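Here is how the chains run, residue by residue.
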Amino acid sequence: MKTLYSTQAQVTGGRTGKATLKDSDLTINMVAPGSGKNGNNPEQLFAMGYAACFDGALGVVKQMENVRFDSTTQVSIELLSGGEHDYSIGAKVHVVAENTELSAEQIQSLVEKAHEVCPYSKATRGNVDVAVTSEIKS
């Protein structure tokens, strides 16, 4: 495969440190989930990246299928604990479709196709339980 883009992140201090990107001036203050401190955690950043990537993949599917509708993709990420130092991630992808004449079943089919195309979905497949749902907002 041909590389379309590459970036590099650096974190000092783990979940309570600073995160930076090599090709951006973005600096993120990392904080533990639920700490109440000002900053972000890896799960939040993963949710944002996954949502952006999935909505982009859905755009590709819309073009391939020659359909048009507005969409908002919501991704929920859960940090799960199965016991002492046994952590995993769960994900829920939910697409809200608007301005469409398509049925709920047709929208869900397109969302499932996007789940096959999305690089984040491919990366998590077999490793993370991902639920993919949709709705039509009237």
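The rules behind each value
- Residues numbered from 1 in each chain as written.
- Predicted model: local features only at pLDDT ≥ 70, side-chain atom pairs only at ≥ 80, totals over all residues.
- Heavy atoms only, no water.
- Pairing = 2+ DSSP bridges.
- Helix = DSSP H or I, 4+ residues; strand = E, 2+ residues; numbered from the N terminus.
- Axes fitted to C-alpha atoms, helices over the stretch in contact; angles between N-to-C directions.
- Core = buried A, V, L, I, M, F, W, Y, C linked by side-chain atoms within 4.5 Å.
- Buried < 20%, exposed > 50% of the residue type's maximum accessible area, 1.4 Å probe, protein only.
- Contact = heavy atoms within 4.5 Å.
- Disulfide = S-S within 2.5 Å.

**Student:** Help me understand the sheet that holds strand E3 (residues 27–29), please; the structure alone is not making it clear to me.
**Tutor:** Two orientations exist for strands paired in a sheet by backbone hydrogen bonds: parallel and antiparallel. Pairing is antiparallel in the open sheet, where three strands are placed in the order E1-E2-E3. Each of the sheet's edge strands pairs with one partner strand only, and the pair in question is strand E1 (9–12) and E3. For this sheet, the mean inter-axis angle between neighbouring strands, taken without regard to orientation, is 20 degrees. The sheet contact formed by E1 and strand E2 (residues 18–21) spans four bridges and is antiparallel. Across the sheet, Ala 9 pairs through a bridge with Leu 21, a residue of E2.

**Student:** Would you explain the nonpolar core in this entry?
**Tutor:** Across soluble globular proteins, nonpolar side chains show a tendency to be buried alongside one another. Counting residues in hydrophobic clusters, the biggest one holds 24 residues, and the most contacted among them are Tyr 50, Phe 54, Phe 69, Val 75 and Leu 110. Secondary structure elements with two or more residues in this core: helix H1 (42–65), strand E4 (70–81), strand E5 (87–98) and helix H2 (104–117). Counting residues per element, this core draws most heavily on H1, which supplies eight residues. When neighbours within four sequence positions are excluded, Val 75 is seen to be in contact with Ala 47, Tyr 50, Ala 51, Lys 92 and Val 93.

**Student:** Teacher, can you tell me more about the state of the cysteines here?
**Tutor:** Where two cysteines share a covalent bond between their sulfur atoms, that bond is called a disulfide. What the rule picks out here adds up to zero disulfides. No disulfide involves Cys 53; its sulfur sits 3.5 Å from the nearest other cysteine sulfur, which is in Cys 118. Assessed through its relative accessible area of 18%, Cys 53 is described here as buried.

**Student:** Even after reading the chapter, I still don't get the environment of Val 111, so can you show me in this structure?
**Tutor:** Tracing the backbone through its elements, the reader meets Val 111 in helix H2. Classification of Val 111 by relative accessible area gives buried; the value is 0%. On a C-alpha basis, the gap between Val 111 and Arg 68 in space is 13 Å, while along the polypeptide they are 43 residues apart. With residues near it in sequence (within four places) discarded, Val 111 still touches Phe 54, Leu 58, Val 95, Val 132, Thr 133 and Ser 134.

**Student:** Quick question: what am I supposed to make of unusual backbone geometry here?
**Tutor:** Keep in mind that most residues, glycine aside, have a negative phi and that most peptide bonds are trans. Residues other than glycine seldom take positive phi values, yet Asn 66 does so here, at roughly 55 degrees. Within the secondary structure, Asn 66 is located in the loop between H1 and E4. Backbone geometry places Asn 99, a non-glycine residue, at a positive phi of 55 degrees. Within the fold, Asn 99 resides in the loop between E5 and H2.

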